[in-house]
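# Report on the structure
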Amino acid sequence: MAAVQQRLFGTNGVRFVPGVSHDLDFVIGLSEAVGTYFGGGPMILGHDGRNSSPALSNAAVSGLMSSGADVAEAGLVPTPALQLAAKSMGFKGGVMVTASHNPPQYNGLKVVGPDGVEVPRLDEQRIEKVFFERAQTRADWKSVGAARPEPSVVRNYINGVISHVNAKLVSGRRFTVVMDPGNGAQCVAAPYLADALGCKLITINSVVDGDFPGRGPEPTPDTLSELAGAVRASGADLGVAYDGDGDRSIFCDEEGRVLWGDQTGCLIADYVLEKRPGDTVVTSVSSSQAIEVVAKRRGARVFRTRVGSVDISRTMLERRAVFGFEENGGCMYLPHIPVRDGGMTTALMLECLAARGVAFSKAISFSVPKYYQAKAKVDIDRNRLEAIMKAVGREARGQVERVDGVKAWTDEHSWVLVRPSGTEPLVRVFAESDGQERAETLVKKFVKVVRSASR
Ligand code: MG
């Protein structure tokens, strides 16, 4: 096999366990490489609420200053707030210290450009090259960068989100919202946003805590039972939960049913496209075909990318697409900033529900067609991957797409997607159909194909 270039960046920035897989020296060196890539500052730097984040953030400030960049320190902010600051407050780029939804021991760095979006994949490799070749710029005593605090990033974020919705319409509804930031970074922004939009607010897990003692940093249907229960008990209009760094949001309706990101993404897409018919929505190959039905109704187009939010964001910019989403609850709105944003998604959802004037569950059942999904993952030996994907390709019937892995449409409403994980030695098998049994049968069939080709 040909030598593979050593990688630091994964699907979403650089991730590691501080003090175990990498140390603070690594963060200083990587930040010097980032500063070198940007050719100096000013840079904006923020961090999430993890226990290791302040130490890593200080190391990143040192590295950026060492490369000659001036640094504005935002402190503890949600990732989308840092990204908006990079775009709207005159910075050359930004660095966010975060491991998003990963368990508490993890941390990482995310690098964003002057448009607020994560730097393109090829530029990640440029930064890696500088790092591995030790080609960092090291400023001398005359040109070393300076640091200053930048306390207005959260305020800028909340004002920015509100400027893109009809605040009067939302406030007029006086929604009761149960909010669960999961002890993560949205604790410092989302409750104030909801308050500014006239919501009556009930919060749970709303104190920042790097151990994530409430429900962990990843919102899933299993971890949101407390949120669902609180919505039912309080008679609230909706519930919303965020991941550790506040870029993903998962909602539950007034009956306490947790809605996966496919459904809520389609509901918001339907609302946005109603106002901008004929526009474009971007999503990855793995999300529901419901979006094609919604888009068709609004005369809009759907563009599918590889799995990964950066691919969606960058494609939105290229195609000037108004909206993008992932099935994990990451929604992106171009007029604001085309990155996953829990706050913007919440505000759009509130405006959508205010405009529809019906209960959340009704809004979903009126606007979003119902499909059924099944999922599985199969551990594999990476050396067998090529053989496995060949076997999957041979078994794929009907219309076959190869945007990311192999996706085969077995009938008009049924597809199966077999995709190798980018980070772990496993293959994911997803299926969707208009019947639950058909989706499960498809997954079982392809799990068998993957298993027999693994041997
Ligand atoms: Mg996240």
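Now for a quick tour of the structure. Residues take numbers from 1 onward in each chain, read along the sequence in its written order. Since the coordinates come from a predicted model, pLDDT governs what is reported: local features require at least 70, and pairs of side-chain atoms require 80 or more to be given and counted, while whole-chain, interface and lining totals use all residues. Hydrogen atoms and water are omitted, and side-chain values are computed over all heavy atoms in the structure.

### What to know about the overall build of the chain
What counts as a helix is a DSSP run of H or I of at least four residues, what counts as a strand is a run of E of at least two, and both are numbered from the N terminus. Regarding its fold elements, the chain presents 15 helices and 21 strands. With the radius of gyration taken over C-alpha atoms, the globule rule is written as 2.2 Å times the number of residues to the power 0.38. The globule rule puts the C-alpha radius of gyration for 455 residues at 23 Å, and the 22 Å found for the chain is close to it. Exposed residues in this analysis have more than 50% of their type's maximum accessible area, buried residues have under 20%, and partly exposed residues fall in between, with area computed by a 1.4 Å probe over protein chains only. Counting every position in the chain, which comprises 455 residues, the buried fraction comes to 58%. Residue contacts follow a heavy-atom distance rule, with two residues in contact if any of their heavy atoms lie within 4.5 Å. At a minimum sequence separation of 6, the contacts of the chain that also span at least 24 residues come to 70%. Surface accessibility follows the Shrake-Rupley procedure with a 1.4 Å probe radius. Residue values consider only the protein chains on display as shielding. Here the chain has roughly 18200 Å² of accessible surface; of this, 51% comes from carbon and sulfur atoms. Note that His is not counted, nor are the chain ends; the positive residues are Lys and Arg, and the negative ones are Asp and Glu. By convention, the charge on Lys lies at NZ, on Arg at CZ, on Asp at CG and on Glu at CD. Separation between the mean location of the 54 positive side-chain charges and that of the 52 negative ones in the chain comes to 4 Å.

### A look at helix α8 (residues 225–234)
Within the span of α8, buried status applies to L227, A228, A230 and V231. Across the axial projection of α8, the buried residues extend over an arc of 160 degrees, all falling on one side. Opposite the buried face of α8, at more than 90 degrees from it, the exposed residues are S225, R232 and A233. If you follow the buried residues of α8, they end up packed against β8 (176–180), β10 (238–242) and β11 (249–252). Throughout, the arc means that of the directions going from the helix axis to the C-beta atoms.

### Considerations on the coordination of the magnesium ion
Any N, O or S atom lying within 2.8 Å of the metal counts as a donor, and for Na, K and Ca the limit rises to 3.2 Å; water is left out, so some sites can look incomplete. S100 (OG), D243 (OD), D245 (OD) and D247 (OD) make up the full set of protein donors to the magnesium ion, lying at 2.0 to 2.1 Å. Site description for the magnesium ion: donor spacing in sequence, S-x142-D-x1-D-x1-D. What makes D247 buried here is its relative accessible area of 1%.

### Quick word on the packing of helix α9 (residues 261–275) against helix α10 (residues 290–297)
Closest axis-to-axis distance for the α9/α10 pair is 9 Å, and the angle between their directions is 15 degrees. As the angle between them shows, α9 and α10 are arranged roughly parallel. You can see that α9 and α10 cross each other, and the crossing is right-handed. Touching C266, A269, D270 and L273 of α9 are A290, I291, V294, A295 and R297, all from α10. Residues were grouped as follows: Ala, Val, Leu, Ile, Met, Phe, Trp, Tyr, Cys and Pro as nonpolar; Asp, Glu, Lys and Arg as charged; and all remaining residues, including Gly, as polar. When the residues that make up the contact of α9 with α10 are grouped by side-chain class, the tally is seven nonpolar, no polar and two charged. In this analysis an axis means a line fitted to C-alpha atoms, helices contributing only their contacting stretch, and an angle means the value between N-to-C directions, from 0 to 180 degrees. The scheme is simple: roughly parallel for angles under 35 degrees, roughly antiparallel for over 145, roughly perpendicular for 65 to 115, oblique for anything else. For any pair of crossing helices, the crossing counts as left-handed if the nearer helix is rotated counterclockwise from the farther one by less than a right angle, and right-handed if it is rotated clockwise.

### Describing the layout of surface pockets
Throughout, the protein atoms alone are placed on a 1 Å grid, and a set of points is a cavity if a 1.4 Å probe fits but cannot get out or a pocket if it is open with protein on both sides within 12 Å along at least five of seven lines; lining residues have an atom within 4 Å of a point. Grid points are joined across faces, edges and corners, and a volume is the space filled by probe spheres set on the points. Quantified by volume, the second largest pocket comes out at close to 390 Å³. In terms of lining, the second largest pocket is formed by 21 residues, of which the most central are W260, Q263, K370, Y371 and Q373. Taken together, the elements giving at least two residues each to the lining of the second largest pocket come down to β12 (258–259), α9, α13 (360–367) and β17 (372–379). Split by residue class, the lining of the second largest pocket holds 10 nonpolar, five polar and six charged. Counting contributing residues, the lining of the second largest pocket receives three or more from each of domain 2 (157–367) and domain 3 (372–454). Note that domain bounds follow an automatic or database assignment of domains.

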